[in-house]
Amino acid sequence: MLRALIGSLVLSLGACANPGHDARLLPGQSSGTDVLARYGTPVQRWREADGGQTLEYSSQPFGRTCWMIKLDANDRLISIEDTLRYASRFSIEAGMTAEQVSRRLGRERSRVFFPLSGEDVWDWNVEPDQSGYLLRFNVHFKEGRVARTSQSMVVPERFPSFFGRD
């Protein structure tokens, strides 16, 4: 019970403290310095061809968001996007490289290589669907390129007898 209460509190506090809901960050007005002052060092900085950069704030491996904050060459805020939202996830296409996927979805939760299929599978925790169960988005790579994507439901521990555990 206490564990559930603490988990709920952490999730509710985390939902408030993110760049996507920060009214102080205004596109065209706020700077990269403003972002860094509020959210600290990003997980990754991606240099853009136009001289700008994208700051990655990923909550993986335990969270379900990845905020990509785009700054122009003058260090002005252009946009803030949670790239693990449904539409963003499904912009991943066969043939993309690992770097293209990382730039789109951010740091993955885990990577597992399956020798029999020859697939390297990366996954991300994402917002659950209507079932409410935890959900993972998976990208399957073969020879360094996206072969396919999939989703997997995380089976809750509250059904132990179903799996032979009492």
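Placed above this text is the structure.
Heads up: these notes are all about the structure in this document.

1. A word on the overall build of the chain
Helix and strand content of the chain: four helices and eight strands. Put simply, the chain has 166 residues, and 31% of those count as buried. Nonlocal contacts in the chain, meaning residues at least 24 apart in sequence, comprise 33% of its contacts between residues at least 6 apart. Counting every atom, the chain has about 10500 Å² of accessible surface; 56% of that belongs to carbon and sulfur.

2. A short note on the pairing of strand S4 (residues 77–82)
Alignment of strand S3 (residues 66–71) against S4, held across five bridges, turns out to be antiparallel. Its bridge partner lying in S4, Trp67 is registered against Asp82. Hairpin remark: S3 followed by S4, antiparallel, with five residues in the connecting loop; positive phi at Asp75, about 70°.

3. Things to note about the pairing of strand S8 (residues 145–153)
The pairing of strand S7 (residues 135–142) with S8 spans eight bridges and is classified as antiparallel. Considered in S8, the bridge of Val139 is made with Thr149. In this structure, the hairpin formed by S7 and S8 is closed by a connection of two residues, where Glu143 is found at a positive phi of approximately 55°.

4. Some details on the packing of aromatic side chains
Considering all chains together, one arrives at six aromatic pairs under this definition. A centroid spacing of 5.4 Å and a plane angle of 75° characterise the contact between Phe90 and Phe137, whose relative ring orientation is edge-to-face. Residue Phe90 is located in the loop between helix H3 (86–89) and helix H4 (98–105), and its partner Phe137 is located in strand S7; the two are separated by 47 residues in the primary sequence. The exposure class assigned to Phe90 is partly exposed, which follows from its relative accessible area of 37%.

Here is what the cut-offs are and how they apply
- Residues numbered from 1 in each chain as written.
- Predicted model: local features only at pLDDT ≥ 70, side-chain atom pairs only at ≥ 80, totals over all residues.
- Heavy atoms only, no water.
- Helix = DSSP H or I, 4+ residues; strand = E, 2+ residues; numbered from the N terminus.
- Buried < 20%, exposed > 50% of the residue type's maximum accessible area, 1.4 Å probe, protein only.
- Contact = heavy atoms within 4.5 Å.
- Areas by Shrake-Rupley, 256 points an atom, 1.4 Å probe, with all protein chains shown as cover.
- Pairing = 2+ DSSP bridges.
- Phe/Tyr/Trp six-rings, centres within 6.5 Å; stacked < 30°, edge-to-face > 60°.

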